[in-house]
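One-letter residues, chain by chain:
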Amino acid sequence: MSTASTTLTTAPATVRRPVNGTPAKGAPSRNRRNAEIQGFRGMAALLTVVFHVWQQYFTYDRDGAHSPVPNRYANALVSLEVIDFFFVLSAYLLTLSYARAAIEGGSTRPGRVFLFRRAIRIIPLYFLAVLCVWATRNPTLPGEWSDLVHHLTFTQVFDQEQIFYTIGPTWSLSLEIMFYLALVGLGPLAARICRPLRQRASRVAVCAAGCALLYIGPFIWIAVARYVLEIPHTEWPVYFGPQARFGGFAAGMGLAVVMVALGDRGRLHAKVAIPLRVAALLGLYLLSWSGTEAEDFPTTFYHPLSALLWMVLLYSTIHVRRQGRWHRWLTARWLTGAGLASYSLFVWHEPIMLGLYNAGLLPPDGQAGFPPAVVIVLVVAVAAAAVSYWLIEYPASLLGKLKDGQGRSRDFYPEAAR
């Protein structure tokens, strides 16, 4: 396969069945998996809103910083960062086809198709939101034009001063775009390397080793930056750039390799899946609870460690024999509904929160104001996200019909052209 001409899609590509007759698919049925994943997205998006309201209500004085949640155990819950979940999930879904091509054989769709579909998914809403928010904060030209350029080119993650300007959480979209570009190169490369290998176990080992290297690299970078070079945690590009955060994507890629390697084999019984889920959730909570200082070990390595725990949680949810209460909760309509509009919720919630706060429509700072502020922001942001999905995201998704599976423009009027 050509590196420039092939890539993956979220839909399964046509693949050969392995010799031993094991089904080639590395995931549960699409309907069940999609519902669970939508629930996961909804949960993560709602937790992201709570986290940023928590940040907004943090107060600082000469005695130090004060959380809006005085109880340390409750504070660890509301301050849980979930951005790594989005990285893991995105990488898992988008790597599945490449993993199948490398391990089972077969083909993937052209890279231009993948990039086109990712562009219509990400760019319309993102550009519209950035332009609207930037314009309201820069009513006179030229304004902070460099901030606008950085955001429109997805390079804000490299800017120390403006990384969190305009729409703060969208720094993570810079990494998403970089991952897409990396995947277009790495996916076909993995398939090409694995093609001459006759043993299936060897192909799995090559793919797993590649994912492990991609995960270890950022871990080493963080360790060197923190303990050798002693770079402070406030040097944002050092700790937020792809060299530090790609581990989340690597964990998702590793999960895709595991799922394809297993196929329908080894689905977990409840007595194994439930303890794994509990361990992953408890590990995430303990990471949040133990990170009390900005540069202590749990805080320094929070993101690569949390990525592994999110990977375990996803694995123990989607590779099971039977659904249980956890799956029924994930597929609840209110949660999957939030998941459907999770991208809009992610993009709009911070501008909405700051707009309400600056207009005096949120309670004043302090511990008493935090709970009602969470409720108000959630209600307004979720409603706005639903509108945004149907008016912006869904119509933009229809642009995908302009191209066929090979990236060629569709001819909608073949008869008229004759």
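The chain is annotated in an unreviewed UniProt entry as Acyltransferase of Streptomyces niphimycinicus.

Caption draft 1: Region of interest: a nonpolar patch on the surface. Among the surface-exposed residues, Ile216, Ile220, Val224, Tyr227, Val228, Leu229 and Phe297 lie close enough to one another that they form a single nonpolar patch of about 670 Å² accessible area. Tracing the chain through its elements places Val228 in helix 7 (residues 200-228).

Caption draft 2: Up close: helix 6 (residues 171-194). Between its terminal C-alpha atoms helix 6 stretches 34 Å, which fits the 34 Å expected from 24 residues at 1.5 Å a residue. The largest bend along helix 6 reaches roughly 30 degrees and is located at Leu183.

Caption draft 3: Layout of the packing of aromatic side chains. Considering all chains together, one arrives at 33 aromatic pairs under this definition. With 6.2 Å between their ring centres and 20 degrees between their planes, Tyr227 and Phe301 make a pair best called stacked. Note that Tyr227 is positioned in helix 7 and Phe301 in the loop between helix 11 (297-300) and helix 12 (302-318), a separation of 74 residues in sequence. Under the relative-accessibility criterion, Tyr227 is labelled partly exposed at 42%. Grouped by ring-pair contacts, the aromatic residues Phe87, Phe114, Phe164, Trp171, Phe179, Tyr180, Trp236, Phe240, Phe246 and Phe249 constitute a single cluster. Above the plane of the ring of Trp289 lies Arg72, whose end atom (NZ or CZ) is 4.1 Å from the centre. Across from the ring centre of Phe240, 4.4 Å away, lies the NZ or CZ of Arg245, which sits over that ring.

Caption draft 4: Structural view of the pattern of salt bridges. Throughout the structure, instances matching the rule amount to three salt bridges. Of the charged contacts, one joins Arg200 and Glu104 as a salt bridge, the two residues approaching to 2.4 Å between their closest N and O atoms. With Arg200 in helix 7 and Glu104 in the loop between helix 3 (83-103) and helix 4 (111-137), the pair connects residues that are 96 residues apart, well separated along the chain. Here Arg200 matches Glu104 in class, with each residue buried.

Caption draft 5: Main features of helix 4. Taking 1.5 Å per residue as the helical rise, helix 4 with its 27 residues ought to reach 39 Å, and the 37 Å between its terminal C-alpha atoms agrees with that figure. At Ile123, helix 4 shows its maximal bend, which comes to roughly 35 degrees, and the proline Pro124 appears one to four places after that position. Among the residues of helix 4, those classed as buried are Gly111, Val113, Phe114, Arg118, Ile120, Ile122, Leu125, Tyr126, Ala129, Val130, Val133 and Trp134. Turning to helix 4, the residues buried within the fold contact helix 3, helix 5 (145-152), helix 6, helix 15 (342-358) and helix 16 (370-397).

Caption draft 6: Just the nonpolar core, in detail. Formed by 111 residues in total, the largest nonpolar core has its most connected members in Phe40, Val53, Phe85, Tyr92, Trp171, Phe179 and Trp310. A per-element tally of this core places helix 3 first, with 15 residues. Those residues in contact with Phe179 that lie beyond four places of it in its chain are Ala91, Leu94, Thr95, Phe246, Phe249 and Met253.

Caption draft 7: Summary view of the confidence of the model for the chain. On average, the chain scores 88 in pLDDT, and the residues at 70 or more come to 86%. Per-element confidence in the chain ranges from a low mean pLDDT of 69 for strand 2 (residues 64-66) to a high of 97 for helix 15.

Caption draft 8: Representation of the packing of helix 7 against helix 9 (residues 242-262) within the structure. At a closest axis distance of 7 Å, the pairing of helix 7 and helix 9 adopts a crossing angle of 160 degrees. Classified by the interaxial angle, the pair formed by helix 7 and helix 9 is roughly antiparallel. Judged by the sense of rotation from one axis to the other, the crossing of helix 7 with helix 9 is left-handed. From helix 7, Arg200, Val204, Cys207, Ala208, Cys211, Leu214, Tyr215, Pro218, Trp221 and Ile222 reach across to helix 9, where they touch Gln243, Ala244, Phe246, Gly247, Ala250, Met253, Gly254, Val257, Val260 and Ala261. Considering only residue class, the contact of helix 7 with helix 9 consists of 16 nonpolar, three polar and one charged.

Caption draft 9: Spatial organisation of unusual backbone geometry. Of note, the amide linkage connecting Leu141 to Pro142 takes the cis form, showing an omega dihedral of 10 degrees. Along the chain, the position of Pro142 falls in the loop between helix 4 and helix 5. Positioned with a positive phi, Phe154 is a non-glycine residue whose angle comes to about 60 degrees. Tracing the sequence through the fold places Phe154 in the loop between helix 5 and helix 6. For Phe154, a relative accessible area of 8% puts it in the buried group. Backbone geometry places Glu230, a non-glycine residue, at a positive phi of 55 degrees. Inspection of the secondary structure assignment puts Glu230 in the loop between helix 7 and helix 8 (236-240). The exposure class assigned to Glu230 is exposed, which follows from its relative accessible area of 60%.

How each quantity is defined
Residues numbered from 1 in each chain as written. Predicted model: local features only at pLDDT ≥ 70, side-chain atom pairs only at ≥ 80, totals over all residues. Heavy atoms only, no water. Patch = residues over 30% accessible without salt bridge, like charges linked within 9 Å, V, L, I, M, F, W, Y side chains within 5 Å. Areas by Shrake-Rupley, 256 points an atom, 1.4 Å probe, with all protein chains shown as cover. Salt bridge = Lys/Arg side-chain N within 4 Å of Asp/Glu carboxyl O. Helix = DSSP H or I, 4+ residues; strand = E, 2+ residues; numbered from the N terminus. Expected span 1.5 Å × (residues − 1). Bend = angle between axes of the 7 residues up to and from the residue. Phe/Tyr/Trp six-rings, centres within 6.5 Å; stacked < 30°, edge-to-face > 60°. Buried < 20%, exposed > 50% of the residue type's maximum accessible area, 1.4 Å probe, protein only. Lys NZ or Arg CZ within 6 Å of the ring centre and 35° of its normal. Contact = heavy atoms within 4.5 Å. Core = buried A, V, L, I, M, F, W, Y, C linked by side-chain atoms within 4.5 Å. pLDDT = per-residue confidence, 0-100. Axes fitted to C-alpha atoms, helices over the stretch in contact; angles between N-to-C directions. Parallel < 35°, antiparallel > 145°, perpendicular 65-115°, else oblique. Left-handed = near helix turned anticlockwise from the far one by under 90°. Nonpolar A, V, L, I, M, F, W, Y, C, P; charged D, E, K, R; others polar.

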